[in-house]
Amino acid sequence: LLFLPVAKKLTLGKKERLKSRKQIEQLFSEGKKIVVTPFRVFYLYKEGIKGSLQFGVGVSSKNFKKSVDRNKIKRVVREAYRLQKLLLQNKLEEKKGEMNLFIIYTGTELPEYAEAEKKIKIVLDKLTVLIDKST
């Protein structure tokens, strides 16, 4: 019987979600920001011991009154992120860094998945380059 190495699953597990209020407050107060319209991305990169990446997403209730719409946008953004995060995750593991990431959708219309996917790819590429430069 052959045992093949198990590939990393493209999941977004409990440990990868940014839930801690303390971490989120620290992210907004100390973190840096990049803007890729229609997303505003806050990130906090630390030289750590392990390569960990935590992620959160938010949508303004000012632009989207209905929670159904806000939740749909969050699902679309989470899915686009989940499928593309591997490059950034590998870079963090390689550099032994930690990153907290929070994406806020600032658009005024419901995004198409393909559009969100493109923009999230740009965001993740920029963050990967930033990690490269920092060491």
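See above for the structure.
Our subject in this report is the structure included herewith. This one's a predicted model, so the numbers in the text were calculated from it and none came from an experiment. (Residues numbered from 1 in each chain as written. Predicted model: local features only at pLDDT ≥ 70, side-chain atom pairs only at ≥ 80, totals over all residues. Heavy atoms only, no water.)

## What about the packing of helix α2 (residues 67-84) against helix α4 (residues 113-134)?
Part 1 of the argument: Taken N-terminus to C-terminus, the directions of α2 and α4 make an angle of 50 degrees; their axes are 9 Å apart at the nearest point. Looking at the two axes, α2 sits oblique to α4. Crossing geometry of α2 relative to α4 is assigned as right-handed. Contact with α2, carried on its side by V76, V77, E79, A80, Y81, L83 and Q84, involves Y113, A116, E117, I120, K121 and L124 of α4 and no other residues of that element. (Axes fitted to C-alpha atoms, helices over the stretch in contact; angles between N-to-C directions. Helix = DSSP H or I, 4+ residues; strand = E, 2+ residues; numbered from the N terminus. Parallel < 35°, antiparallel > 145°, perpendicular 65-115°, else oblique. Left-handed = near helix turned anticlockwise from the far one by under 90°. Contact = heavy atoms within 4.5 Å.)

## Notes on the packing of aromatic side chains
Part 1 of the argument: By the definition in use, this model includes five aromatic pairs.
Part 2 of the argument: For the pair F28 and F102, a centre-to-centre distance of 5.4 Å together with 70 degrees between the ring planes defines the contact as edge-to-face. Highlighted residues: F28 in helix α1 (residues 21-30) and F102 in strand β4 (residues 97-105), separated in sequence by 74 residues.
Part 3 of the argument: F28 gets classed as partly exposed once you look at its relative accessible area, which sits at 36%.
Part 4 of the argument: One aromatic cluster is present, formed by F28, F42 and F102 through successive ring pairs. (Phe/Tyr/Trp six-rings, centres within 6.5 Å; stacked < 30°, edge-to-face > 60°. Buried < 20%, exposed > 50% of the residue type's maximum accessible area, 1.4 Å probe, protein only.)

## Comments concerning the pairing of strand β1 (residues 32-36)
Part 1 of the argument: The pairing of β1 with strand β2 (residues 39-47) spans five bridges and is classified as antiparallel. Note that in β2 the partner of K32 across the bridge is Y43.
Part 2 of the argument: Count of turn residues in the β1/β2 antiparallel hairpin: two residues. (Pairing = 2+ DSSP bridges.)

## Looking at the nonpolar core
Part 1 of the argument: Ranked by size, the top nonpolar core spans 29 residues in total, and within it L88, M99, L101 and L127 carry the most contacts.
Part 2 of the argument: Considering every element that reaches this core, the biggest residue donor is α4, with six residues.
Part 3 of the argument: Once residues lying within four places of it in the same chain are set aside, the contact partners of L101 are L18, L27, V41, F42, Y43, Q54, F55, G56, Y81, L88, L124 and L127.
Part 4 of the argument: By size, the runner-up hydrophobic cluster in this structure holds seven residues, among which are L18, I24, F42 and L44. (Core = buried A, V, L, I, M, F, W, Y, C linked by side-chain atoms within 4.5 Å.)

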